[in-house]
Amino acid sequence: MANRRTRRDFLITTAAAGSLAIVLPEELLATKVGAVFVRRNVKFLGPNHPDIVSLKAGIQAMKNLPAANPLNWNRWANIHRHPNGLAGPLFNTCQHGHWWFFPWHRMYILFFERIIRQLSGNPNFSLPYWDYTAGTVAGSLYNAGALPRLFWSPQNNTNPLYNSVRNGGAAAGFNAGAAITPAALSTTVAMNTTTFVGSLRFGGQQVAAPTHFAGGPHGRLEANPHDSVHSAIGGDMGDPGRAARDPIFFLHHCNIDRLWNVWLKQAGRTNPTGNAAWCKQPFQFFNTSGQVITSRVRDVLRAQAQLGYRYEEEPLPQASSVCTTAEGIQEAIPEPSVESRTVVVHQQTITLGAAPTRVNLPMGNRTESLRGIANDTRRNLVLRLEGVKVDRQPGVVYEVYVGLPAGQPAVHTSPHFVGVLATFGVGTHGGHGDSDGVISFPIDRAAAAALTANPTSVPITFVPRGLIVDGREQPVQLQGNVTFTRFRVHEE
Ligand code: C2O
């Protein structure tokens, strides 16, 4: 195939190219015709599987490249975000908190996969995905929420998949038996959303132009499990400026990419393919020769047909996901201001720590309106925390409960549970590159019950969750504090 070069060619080209900067015209993305690459579930892959051997070899090769090479490991991670937000070629371009979260990250791991294919010398390499809900499925090599063994053993720098700063202790780096708490892995809320565009919908809010980190709540799958898995692993993964330095990042995002397909396959779900702005948006990356390549959203929507890959255990591709008549259509999707939909707002600065925090939210005289909304299937109540900041990433996630009776244990399967608060992407000034961190939870069912139990105030409980080791929850190792300044309950 014309554009598959040998490893030797590659090394010669990159050595000669020096500092890249050549911008190629838009390149056809479908480089694989005929056979389709199959991305495998890592739960079945042992250390000798070719995809694992090649992943390790490829990552090691990226680590060995000179720091100035665009395919160098840290340089590639800087495309996501530089640790200090410093400028550089394509640095700080990840898209969070809005409707381009999914396509941008699809492209980022696609070009990564091609680089690994090239550097490992294995032309059949496919990036595996980390199915964290794998559980005790027969043959699974790890438990639900546990990191695959290959990523923490051996625990030294002969293992290119190891990262020493994950939660679980510096030496451990998330080791044997350690697992993420089940609530942080849940896809239920996201999968139940029926539309793509909107800050509380599957894919996130509409924005006019690419935005590194948009203010406002993240789309539902981005919030949970995407953000919560990042925060629960902690260390590099907990911070967008370092996240892509942990090799598990790429398997996590491979799974997020797969979950996008799974969502689309459900009845009535579709991408915003009628919106030209969404469809035509270009993003830039580096190809395997270290040259800048431009790729548009509409060219990456059907993974198998356009990009030549599919997921093991994936439903068949969704035909509706095509930008066809999109040209010229600029459909604005209005979101009324949150102020105009607010029912209750309560100013109180809260700092979350290593112990549960319980706050009583006064309902004023709004109980009847709140109940009306909560009990109407066409209307939804949302709890929104505003002014969210961290001094450092806390390394834990918080389960959030509405109306949990005092003294009752916090169990995420209870009707009081409304979601997991994760601060991935929230900085010391709120959202990265933005004024205010905002995190939201749909609360209909829990609020209806809480208002019946007590019409004047509703308790909101935040329960920090550390790792689970051998089935037992470990004490929370708090590394930073989360604060927020305002509660708002609004109609959606
Ligand atoms: Cu751009 Cu999982 O992060």
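Treat the numbers as computed from the prediction; the structure is a model and nothing was measured.

Each value, and the rule that gives it
- Residues numbered from 1 in each chain as written.
- Predicted model: local features only at pLDDT ≥ 70, side-chain atom pairs only at ≥ 80, totals over all residues.
- Heavy atoms only, no water.
- Core = buried A, V, L, I, M, F, W, Y, C linked by side-chain atoms within 4.5 Å.
- Buried < 20%, exposed > 50% of the residue type's maximum accessible area, 1.4 Å probe, protein only.
- Helix = DSSP H or I, 4+ residues; strand = E, 2+ residues; numbered from the N terminus.
- Phe/Tyr/Trp six-rings, centres within 6.5 Å; stacked < 30°, edge-to-face > 60°.
- Expected span 1.5 Å × (residues − 1).
- Pairing = 2+ DSSP bridges.
- Axes fitted to C-alpha atoms, helices over the stretch in contact; angles between N-to-C directions.
- Parallel < 35°, antiparallel > 145°, perpendicular 65-115°, else oblique.
- Contact = heavy atoms within 4.5 Å.
- Nonpolar A, V, L, I, M, F, W, Y, C, P; charged D, E, K, R; others polar.
- Left-handed = near helix turned anticlockwise from the far one by under 90°.

Structural notes on the nonpolar core
- Trp76, Phe112, Trp130 and Phe250 are the most contacted members of the largest nonpolar core, which has 96 residues in total.
- Per-element accounting of this core gives the leading share, 12 residues, to helix H4 (residues 101-120).
- Val344, Met363, Val400 and Ile460 belong to the second largest nonpolar core, which has 38 residues in total.

Looking at the packing of aromatic side chains
- Under the criterion given, the structure shown has 27 aromatic pairs.
- When the ring of Phe102 is compared with that of Trp260, the centres are 5.2 Å apart and the planes differ by 35°; the resulting orientation is tilted. With Phe102 in helix H4 and Trp260 in helix H7 (residues 248-265), this residue pair connects regions lying 158 residues apart in the sequence. The same class applies to Phe102 as to Trp260, namely buried.
- The interplanar angle of 85° and the centroid separation of 5.5 Å between the aromatic rings of Tyr129 and Tyr311 together place this pair among those described as edge-to-face. Here Tyr311 lies in strand S5 (residues 309-311) and Tyr129 lies in the loop between H4 and strand S2 (178-179), a separation of 182 residues in the sequence.

Regarding helix H2 (residues 50-64)
- Spanning 15 residues, H2 covers 21 Å between terminal C-alpha atoms, matching the ideal 21 Å at 1.5 Å per step.
- Taken residue by residue, H2 has Asp51, Ile52, Ser54, Leu55, Gly58, Ile59, Ala61 and Met62 as its buried positions.

Overview of the pairing of strand S10 (residues 417-421)
- Of all five residues that make up S10, five are buried, and the element is covered over most of its length.
- Where strand S9 (residues 397-402) and S10 come together, four bridges link them in antiparallel fashion. Each residue of the ladder has a partner; that of Tyr401, found in S10, is Phe417.

Details of the packing of H2 against H4
- Packing of H2 against H4 leaves a shortest axis separation of 8 Å and a crossing angle of 90°. In terms of axis orientation, H2 runs roughly perpendicular to H4. Taking contact as the criterion, the partners of Ser54, Leu55, Ala57, Gly58, Ile59, Ala61 and Met62 in H2 are, on H4, Phe112, Ile115, Ile116, Leu119 and Ser120.
- When its residues are assigned to classes, the contact of H2 with H4 shows nine nonpolar, three polar and no charged.

Details of the packing of helix H10 (residues 367-374) against helix H11 (residues 444-453)
- One can describe the packing of H10 onto H11 by two numbers: an axis separation of 9 Å at closest approach and a directional angle of 140°. Classified by the interaxial angle, the pair formed by H10 and H11 is oblique. Crossing geometry of H10 relative to H11 is assigned as left-handed. In this structure, H10 uses Thr367, Leu370, Arg371, Ile373 and Ala374 to contact H11, whose residues at the interface are Asp444, Ala448, Leu451 and Thr452.
- Class assignment of the residues belonging to the contact of H10 with H11 gives a composition of five nonpolar, two polar and two charged.

Some thoughts on unusual backbone geometry
- Residue Pro154 is reached from Ser153 by a cis peptide bond, and omega for that bond is 0°.
- Cis geometry marks the peptide bond from Asn224 to Pro225; its omega dihedral reads 15°.
- Following the sequence through the fold, Pro225 ends up in helix H6 (residues 220-233).
- If you check the backbone angles, Leu90 has positive phi at about 60° while not being a glycine.
- With respect to the helices and strands, Leu90 occurs in the loop between helix H3 (73-80) and H4.

Here we look at the sheet that holds strand S14 (residues 457-465)
- Spatially, the four strands line up as an open sheet ordered S7-S14-S9-S10, and their pairing is antiparallel. What marks the edges here is a single partner per strand, and that holds for strand S7 (357-362) and S10. Recorded for the sheet is a direction-independent mean angle of 20° between the axes of neighbouring strands.
- Sheet topology places S7 next to S14; six bridges connect them, and they run antiparallel.

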